[in-house]
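Report on the structure
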Amino acid sequence: MARQKKQQFNVLEHELVPEHRVLSPEEAARVLRELGVEPWQLPWISYNDPVVRAIGAQPGDIIEIKRKSFTAGEIKVYRVVVAYSRK
Amino acid sequence: MSKLYDPQLLIHDWEKLSKLIEPELEEAKRRLPKRIYDELVEKLQKVASEYGLTPDEAKEIVKQVIDEYEISLVEPGEPVGTVAAQSIGEPGTQMTLRTFHFAGVREFNVTLGLPRFIELVDAKKEPSTPMMTVYLDEEHRYDLEKAKQVARAIEYTRVENVAKEVYIDMATLSIVVVLDPVMLEDKGVTVEQVKRVLERLKLGPVRKEDDYTLVIELQVKEGYINIMELNKLKERVLNAKIKGIKKIKRVIVQSRRLPDGREEYYLLTDGSALKEVLEVKGVDPRRTITNNIREIEQVLGIEAARYALITEMKKVLDEQGLDVDIRHLILVADIMTQTGRVRQIGRHGVSGEKPSVLARAAFEMTVQNLFDAAARGEVDKLLGVTENVIIGGIVPVGTGMTEIYMRPQVEPVRREER
C-alpha cells in the first residue's frame, strides 16, 4: 500500500464513466417497489469497482446510473453493490 | 384528421401551443425515452412554426406517438437472447477470418473481423493487439511538436533502441556503447541521459569517449573472467530503460480535422497501459481509451467496460460492413457485465454459471457437468428453455410463459349434511 502512488486522475471525470449516485434508503425502497424486484435481482457492481470506491458506496447500497443510451438518449439503471471481488 | 382540422384554431406559436397541450406533453415525457420525446417536441415545434397546428391535432399526434412507441416494445416472453444470437451469428458467418488493418505511415496492425469479435465475447485478459488512443490536453493538442513530446514521454525506450552497436571490449574489460545520433534525435534522448542510465546500472564508472560513444569500465574480480557473465551484463545494458511506460512498444502521432477546421493531434500506441498513461502530463485523461476491456474494467469500472464492449463490437461489425442492430450488442454486453465483472460468453462465464444443471450440460462438457451436479446433489427445477426442450416440456417462451394458477374454492361443510 505504501508503494501505491496516489492516483491523481478522478475516474468519475472520464467520458466512458456515466454518472453514478448512491440512493438513499427511502429512494432505494421506492425503486425496488416500482421495479418489483429484490435487491439481488438487480445487476451487481463490485464493492471494489473503481467508481464505487470513488463515490464511497457500501455493499448493499443501490446505485443509480445515468447511462448515455445508444437508442433512448438517456436512461436510468440501477445496480446493487455486492461484497465480492472483481477477480 | 379532417375533424381535428380547423383553420380558425391554427397556432403558429410554440410557446402558446405547448401551454395548451401541457398535460399530454407531461404524459409523453413520463412514458417515452428521452431521445424520442426530444424528437417529438422538435418536430412538433417545426411543424407548428411552418404550417401551424391546432391543439387537438397536436394532442392526437402526441397520443399516437406514445401508442406507436408502446406497441414497438418487446413483449414479455419474447426470446430476445435467441434473437440476438441469431442476429449476430448470421452476419458473423460473412466475416473475414483474419483481417489486418494498417493505419498511418508506418505499418501498424490491429486485429479485426472474427478473431477480434471472438476476443471480445471471450473477455480475454489481453487482446492480441492491445492498442490505445491517447488524446492530448488543450496545450498539446494543436501542435505537432508538442504532441511528439508527449509521444516520446510514453514510448518505452531502452538503450538498445538508441544504440548503433554495443560490444564487449575484452582488452580493457569494458562494454562500449556506440549511440546512433539519428535515433537519439528521433526518440528525444540526450547522450547525458543515456550516461546517467548506464551509471544507475552500477556496473562500473562510465566514461564518455567521444560525442556518441560511452564506455563502461567493468569491475571484474581479479583474474577471473566469465564470458557467460559478461554477455549477461551486456544484455542488462541493452535492456536498460531510459524512459517511457513499459507496455507501450510504439507510439505514432495521428491527426484529424475538427469540425471547426483546426487540426487535432492524437496518439496511437502499440501496447496498452491505461492506468499509467492517464497520469502522464499532456494527456487528456478524460478521453483516452484502450481496446483492452479488462483494463477498462480495472481502471474505470464496470459501466465503462460495458460501454467500451458495445462500441468495440459495433466497430468490428461496422468495419466489416455488417448491419447489426445495436440493441443485440447491448444485450450481450449487459449479460456479460451483469455480475459486476466482465464474464465471457462460454464455459467459464455466462453459460457455465447458469443455475440449471441440464442447461449447463447441454452447452459443453456434458458428462462432467452431470457428474459434478450429482456429487453436489443439485436439483433442476426445469424453469429454463433448454431444460424443457430436453425433457419435452412446454418451453417458457412467448405464450408458453403463461401458467394457470387455481385457487380451489372449498365449500364449507355444513353440519346437517354429515
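Residues numbered from 1 in each chain as written. Chains lettered and ligands numbered in written order. Predicted model: local features only at pLDDT ≥ 70, side-chain atom pairs only at ≥ 80, totals over all residues. Heavy atoms only, no water.

1. Some thoughts on the overall build of chain A
Of the regular secondary structure elements, chain A holds 2 helices and 4 strands. Ordered by position from the N terminus, the helices and strands of chain A form the series β-α-β-α-β-β. Taken across its 87 residues, chain A has 39% of its residues classed as buried. Sequence-distant contacts in chain A: of pairs separated by 6 or more residues, those separated by 24 or more amount to 59%. A total of about 5,500 Å² of accessible surface is found on chain A, and carbon and sulfur atoms cover 51% of it. (Helix = DSSP H or I, 4+ residues; strand = E, 2+ residues; numbered from the N terminus. Buried < 20%, exposed > 50% of the residue type's maximum accessible area, 1.4 Å probe, protein only. Contact = heavy atoms within 4.5 Å. Areas by Shrake-Rupley, 256 points an atom, 1.4 Å probe, with all protein chains shown as cover.)

2. What about the overall build of chain B?
Each helix and strand counted, chain B has 19 helices and 12 strands in total. Radius of gyration (C-alpha) of chain B: 33 Å, far over the 22 Å computed for a compact globule of 418 residues. Each of the three principal axes of chain B carries a C-alpha extent, and together these read 120 × 75 × 45 Å. Each of the 418 residues in chain B was classed as buried or not, and the buried ones make up 42%. Across chain B, the fraction of contacts at a sequence separation of at least 24, relative to all contacts at a separation of at least 6, is 59%. When the accessible area of chain B is evaluated, it comes to approximately 25,300 Å², of which 52% is carbon and sulfur surface. Across chain B, 63 positive and 71 negative side-chain charges occur, with their mean positions spaced 5 Å apart. (Rg over C-alpha atoms; globule rule 2.2 N^0.38 Å. Lys, Arg positive; Asp, Glu negative; His and termini not counted. Charge placed at Lys NZ, Arg CZ, Asp CG, Glu CD.)

3. What to know about the side chain of B:Thr337
Considering the arrangement of structural elements, one finds B:Thr337 in the loop between α16 (326–336) and α17 (357–363). Looking at B:Thr337, its side chain comes within polar contact range of the main-chain oxygen of B:Ala333, at 2.9 Å. (Polar contact = N/O pair within 3.5 Å; in protein donor to acceptor, adjacent residues only side chain to side chain.)

4. Comments concerning the packing of aromatic side chains
Scanning the entire structure with this criterion turns up 2 aromatic pairs over all chains. Seen in terms of ring centroids, A:Phe70 and B:Tyr307 are 5.1 Å apart; in terms of plane orientation they differ by 20 degrees. Their pairing is stacked. Of this pair, A:Phe70 sits in the loop between β3 (62–69) and β4 (73–82) while B:Tyr307 sits in helix α15 (residues 302–319), placing the two residues on different chains. Judged by its relative accessible area of 22%, A:Phe70 is partly exposed. One cation-aromatic arrangement involves A:Lys68 over B:Tyr307; the distance from NZ or CZ to the ring centre is 5.4 Å. The lysine or arginine in question, B:Arg262, covers the ring of B:Tyr142, its NZ or CZ lying 4.1 Å from the ring centre. (Phe/Tyr/Trp six-rings, centres within 6.5 Å; stacked < 30°, edge-to-face > 60°. Lys NZ or Arg CZ within 6 Å of the ring centre and 35° of its normal.)

5. Let's talk about the nonpolar core
Core analysis: the biggest nonpolar cluster contains 59 residues, and B:Phe117, B:Leu267, B:Ile296, B:Leu300, B:Leu309, B:Met313 and B:Val342 have the highest contact counts within it. For this core, the element with the most residues is α15(B), which contributes 10 residues. When residues no more than four places from it in sequence are discounted, the contact partners of B:Ile296 are A:Leu16, B:Leu274, B:Thr290, B:Gly301, B:Ala304, B:Ala305 and B:Ala308. B:Val166, B:Leu201, B:Leu238 and B:Ile242 belong to the second-largest nonpolar core, a separate cluster that totals 25 residues. (Core = buried A, V, L, I, M, F, W, Y, C linked by side-chain atoms within 4.5 Å.)

6. A short note on unusual backbone geometry
The backbone of B:Ala123 shows a phi angle near 50 degrees, a positive value even though the residue is not glycine. Structurally, the position occupied by B:Ala123 is in the loop between α6 (113–121) and β3 (131–135).

7. Section: the pairing of β3(A)
Residues and elements named next belong to chain A. Burial of β3 is extensive: 6 of the 8 residues sit out of reach of the surface. Both strand β1 (residues 19–22) and β3 contribute to a ladder of 4 bridges, which runs antiparallel. For Glu 19, the partnering residue across the bridge sits in β3 and is Lys 66. In this structure, β3 lies alongside β4, joined through 8 bridges in antiparallel fashion. Residue pairing in the sheet places Lys 66 in a bridge with Lys 76 of β4. Counting the residues that bridge the hairpin from β3 to β4 gives 3 residues. (Pairing = 2+ DSSP bridges.)

8. Comments concerning the interface of chain B and chain A
Taken together, the 34 residues of chain B in the interface contact 31 residues of chain A. A combined buried area of about 2,900 Å² lies between chain B and chain A, and 57% of that area is made up of carbon and sulfur atoms. When residues of chain B are sorted by the area they lose upon contact with chain A, B:Leu300, B:Glu303 and B:Tyr307 head the list and together hold 21% of the total. For the pair chain B and chain A, the number of links is 3 salt bridges. Across the chain B-chain A interface, the total number found is 11 residue pairs in polar contact (both at pLDDT 80 or more). Elements with a contribution of two residues or more to the side of chain B that touches chain A: α3 (34–50), α13 (274–278), α14 (293–300), α15 and α16 of chain B. (Buried area = accessible area lost by both parts, 1.4 Å probe. Salt bridge = Lys/Arg side-chain N within 4 Å of Asp/Glu carboxyl O.)

9. So, the packing of α14(B) against α15(B)
Residues and elements named next belong to chain B. Where α14 meets α15, the axes come as close as 7 Å, and the angle between the chain directions of the two elements is 155 degrees. What the angle tells us is that α14 and α15 run roughly antiparallel. Relative to α15, α14 is oriented so that their crossing is right-handed. Facing Ile 293, Ile 296, Glu 297 and Leu 300 of α14, the residues of α15 in contact are Ile 302, Ala 304, Ala 305, Ala 308, Leu 309 and Glu 312. (Axes fitted to C-alpha atoms, helices over the stretch in contact; angles between N-to-C directions. Parallel < 35°, antiparallel > 145°, perpendicular 65-115°, else oblique. Left-handed = near helix turned anticlockwise from the far one by under 90°.)

10. Description of α6(B)
With 7 of its 9 residues buried, α6(B) lies for the most part within the structure. At the C-terminal side of α6(B), B:Ala123 shows a positive phi close to 50 degrees.

11. Quick look at the sheet that holds strand β12 (residues 289–290) of chain B
With antiparallel pairing, the 4 strands of this open sheet are ordered in space as β10-β11-β3-β12 (chain B). Edge positions in the sheet fall to β10 (250–257) and β12 of chain B, since each has one partner strand and no second.

12. Details of the domain arrangement of chain B
Interface size is often expressed as the accessible area that is lost when the parts come together. Residue and element names in this part refer to chain B. When its domains are assigned, chain B resolves into domain 1 (7–71), domain 2 (76–129 + 291–353), domain 3 (157–243) and domain 4 (355–401). Contact residues are listed per partner, giving 7 residues for domain 2 and 8 residues for domain 4. For the pairing of domain 2 and domain 4, the buried interface totals around 610 Å² over both sides, and the portion due to carbon and sulfur atoms is 66%. Its largest share of buried area at the contact with domain 4, domain 2 owes to Gly 77, Arg 347 and Ser 351, together 65% of the area lost on that side. Here domain 2 is connected to domain 4 by 1 salt bridge. Each residue belonging to the side of domain 2 that touches domain 4 can be placed in one class, and the counts come to 1 nonpolar, 4 polar and 2 charged. (Domains from an automatic or database assignment. Nonpolar A, V, L, I, M, F, W, Y, C, P; charged D, E, K, R; others polar.)

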